[in-house]
Amino acid sequence: HRGLVGIAGLAPHEIMFLLDEAEQWVQLNRHAQKHRNLLAGLTIINAFFENSTRTLLSFEIAGKRLGADVVNMHAAQSSVKKGETLIDTAMTLNAMHADAIVIRHGSSGAVRLIAGKVDCPVLNAGDGQHEHPTQALLDALTIRHAKRAFNGLTVTICGDILHSRVARSNILCLTSLGADVRVCAPPALMPEAIEAMNVTPFHDFDAALAGADVVMMLRLQLERMQGQFIPSPREYRHLYGLTLDRLERAAPDALVMHPGPMNRGVEIDSNVADLVGRSLITRQVEMGVAIRMACLDVLTRKARGLEGWA
Ligand code: CP
């Protein structure tokens, strides 16, 4: 069984395959009747050890729209609180004959650890600072809908690059598909040797924005800071916040993205986040359901006696 631990494990044609598979679900989800029986009889467990709105709900909706039985395990209400280990929790879910397990965890590498121990595909819903592959796939699908091609596209990702699994997965995905990726962060929040990921680093946001086709904003991940010096929210907005004035520096038709949750008035102003025709933030959420439907379908094909993927 093959899971989805990261974009790092995917070839460019496999990324494109998942984007292509998601298109049918984009269309289905826009109709009143959204239900299919493709995954009828399958049990999908969403095990979330960190908070989530978008990822948890869209995985749940995705599984249900495909006809699977979906159950959610919130760590805060589970026996993890009584001292049960991650591996014992995973073995417990495995013994219930789950057909796919979706995991979000605060530790980088936790999802890979579990994937090696259970008998079904494991999908990474975000692990520490490592990867958030379905976020990168939904972002790529959103960009493809708006811009058609990745070649020649300049994408600027600005924010807490150091702690961001979204940035890491998006860098891997977008560079793999042929986009030019710029990353921008305060010095304390830029990973060392980031150039090795085939991106151009900036500390000056105005320079990073010049001529960009897509501007992807990230929040400060205050819960992951380990003593890094960061500016105050007011100072951060001054240096790295996306304002209407700043957006003028990007390409005339530049699009604005944010994976959420947003801190309005810090990394992005409300009048930019809500800019009709330019902000794709709610479109990203829409694409998230379609991408997760595609991933659940493709990754359970073997279990359903169908040919595995790619
Ligand atoms: N983008 C994202 O992962 O959001 P949630 O934390 O709400 O799932």
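Not measured: the values here are computed from a predicted model.

Basis of the calculations
Positions within a chain are numbered from 1, following the residues in the order the chain's sequence is written. Side-chain atom pairs in this predicted model are given and counted only at pLDDT of 80 or more, local residue features only at pLDDT of at least 70, and totals for whole chains, interfaces and linings cover all residues. By convention in this description, side-chain values take in all heavy atoms of the structure and omit both hydrogens and water. Being paired, for any two strands, means DSSP has found at least two bridges between them. A run of H or I in DSSP counts as a helix once it spans at least four residues, and a run of E counts as a strand once it spans at least two, with each numbered from the N terminus. Throughout, an axis means a line fitted to C-alpha atoms (over the contacting stretch in the case of helices), and angles, computed between N-to-C directions, take values from 0 to 180 degrees. One heavy atom suffices: a residue is near a molecule or strand as soon as one of its heavy atoms comes within 4 Å of it. Throughout this description, a polar contact denotes any pair of N or O atoms lying within 3.5 Å of each other; where both atoms belong to protein, one of them has to be capable of donating a hydrogen while the other can accept it, and for residues adjacent in sequence the pair is counted only when both atoms sit in side chains. A 1.4 Å probe and the Shrake-Rupley method give the accessible areas. Residues count as covered only by the protein chains that appear here. Basically, the charged four are Asp, Glu, Lys and Arg, the nonpolar ten are Ala, Val, Leu, Ile, Met, Phe, Trp, Tyr, Cys and Pro, and anything else, Gly included, counts as polar. Per-residue accessibility, obtained with a 1.4 Å probe over protein chains only, is compared with the maximum for each type, and a residue is labelled buried under 20%, exposed over 50%, and partly exposed between these values. Look down the strands so they point away from you; if going from the first strand over the helix to the second traces a clockwise path, that crossover is right-handed. To estimate the expected span of a helix, subtract one from its residue number and multiply by 1.5 Å. Think of it this way: the bend at a residue is just the angle between two axes, each fitted to seven residues, one set ending at that residue and the other starting at it. Residues are treated as being in contact if the distance between any of their heavy atoms lies within 4.5 Å. Working definition: roughly parallel below 35 degrees, roughly antiparallel above 145 degrees, roughly perpendicular at 65 to 115 degrees, and oblique for all remaining angles. By convention, the crossing between two helices is left-handed when the near helix turns anticlockwise from the far helix through less than a right angle, and right-handed when the turn is clockwise. UniProt positions are given in the numbering used here, feature names are shortened, and annotations may be inferred rather than shown by experiment. To qualify as a nonpolar core, a set must consist of buried Ala, Val, Leu, Ile, Met, Phe, Trp, Tyr and Cys residues joined through side-chain atoms within 4.5 Å.

Asker: When you look at the sheet that holds strand E2 (residues 69–74) in this model, what are you seeing that I'm missing?
Answerer: Working definition: the strands of a sheet are paired by backbone hydrogen bonds and lie parallel or antiparallel to each other. If you walk across this open sheet you meet the 4 strands as E2-E1-E3-E4, and the pairing is parallel. Edge positions in the sheet fall to E2 and strand E4 (122–127), since each of these pairs with one other strand and no more. Here the strands of the sheet are splayed against their neighbours by 15 degrees on average, with no regard to which way each runs. Two strands pair when backbone bridges link them, and strand E1 (residues 43–48) and E2 are joined in this way by 6 bridges, in the parallel orientation. Looking at E2, one finds that Thr 43 is bridged to Asp 69.

Asker: Mind showing me how you'd approach the site of the ligand here?
Answerer: The environment of the ligand is made up of Ser 52, Thr 53, Arg 54, Thr 55, Arg 104, His 132, Gln 135, Pro 259 and Gly 260. Taking Thr 53, its main chain carries an N or O atom lying 2.8 Å from an oxygen atom of the ligand. A distance of 2.9 Å separates a nitrogen atom of the ligand from a polar atom in the backbone of Pro 259. When isolated, the ligand has an accessible area of 250 Å², and the protein chains bury 91% of it. Among the residues forming the shell around the ligand, the class breakdown is 1 nonpolar, 6 polar and 2 charged.

Asker: I'm lost on the pairing of E4 in this one. Help?
Answerer: The two faces of the sheet receive side chains in turn, since in a regular strand these alternate between them. In terms of residue burial, E4 counts as a mostly covered element, since 6 of its 6 residues are buried. Where strand E3 (residues 100–105) lies against E4, 4 bridges are found, and the strand directions are parallel. Along E4, the bridge assignment pairs Ile 103 with Asn 124. Each parallel crossover has a hand, and the one from E3 via helix H4 (residues 110–115) to E4 is right-handed.

Asker: Would you take a moment to explain helix H1 (residues 12–29) for this structure?
Answerer: Every α-helix winds through 3.6 residues per turn, so residues three or four apart in the chain are directed the same way. The end-to-end C-alpha distance of H1, which contains 18 residues, comes to 26 Å, matching closely the 26 Å that a straight helix rising 1.5 Å per residue would cover. Glu 23 marks the point of greatest bend in H1, at about 25 degrees. Residues Glu 14, Ile 15, Leu 18, Leu 19, Glu 21, Ala 22, Trp 25, Val 26, Leu 28 and Asn 29 constitute the buried set of H1. On its buried side, H1 packs onto helix H2 (54–65), helix H5 (133–147), helix H6 (165–176) and helix H11 (281–299).

Asker: I tried to follow the packing of H2 against H11 on my own but got confused; where do I start?
Answerer: Close contact between H2 and H11 brings their axes to 8 Å; oriented N to C, the two are set at 55 degrees. Our classification of the angle between H2 and H11 gives oblique. When the axes of H2 and H11 are compared, the crossing they make is right-handed. Contacts from Arg 54, Thr 55, Ser 58, Phe 59, Ile 61, Ala 62, Gly 63 and Arg 65 in H2 reach Val 285, Gly 288, Val 289, Arg 292, Met 293 and Leu 296 in H11. In the contact of H2 with H11, the residues fall into 7 nonpolar, 4 polar and 3 charged.

Asker: How should I be thinking about the UniProt feature "binding site: L-aspartate" (unreviewed entry) in the chain in this particular structure?
Answerer: UniProt's entry tags Lys 82, Arg 165 and Arg 219 with the feature "binding site: L-aspartate" (unreviewed entry), counted in the numbering of this structure. Look at the named residues: they lie 138 residues apart in sequence, and the longest C-alpha span between them is 32.0 Å, so in the fold they stay spread out. Along the chain, Arg 165 turns up in helix H6. Beyond its immediate chain neighbours, meaning those up to four positions away, Arg 165 contacts Glu 50, Arg 104, His 105, Gly 126, Asp 127, Gly 128, Gln 129, His 130, Glu 131, His 132 and Arg 224.

Asker: Which parts of the structure should I look at to understand the environment of Leu 239?
Answerer: Structurally, Leu 239 is set in helix H8 (residues 233–240). A C-alpha to C-alpha distance of 9.3 Å links Leu 239 and Glu 267, two positions 28 residues apart in sequence. Every residue in contact with Leu 239, bar those within four places of it in the chain, is listed here: Phe 205 and Arg 246.

Asker: Before we go on, may I ask you to explain the nonpolar core in this structure?
Answerer: What tends to happen in soluble globular proteins is that the nonpolar side chains get buried as a cluster. Counting residues in hydrophobic clusters, the biggest one holds 91 residues, and the most contacted among them are Ile 157 and Leu 242. When residues in this core are grouped by element, the largest group, 11 residues, is from H11. The residues contacting Ile 157, other than those within four sequence positions of it, are Ala 167, Asn 170, Ile 171, Val 181, Arg 182, Val 183, Cys 184, Met 216 and Leu 218. With 17 residues, the next largest nonpolar core counts Ile 45, Ala 47, Leu 93 and Cys 120 among its residues.

Asker: What is the right way to look at H11 in this model?
Answerer: For H11, with 19 residues, the first-to-last C-alpha span of 27 Å sits near the 27 Å given by 1.5 Å per residue. Across the 19 residues that make up H11, a large majority, 15, are buried.

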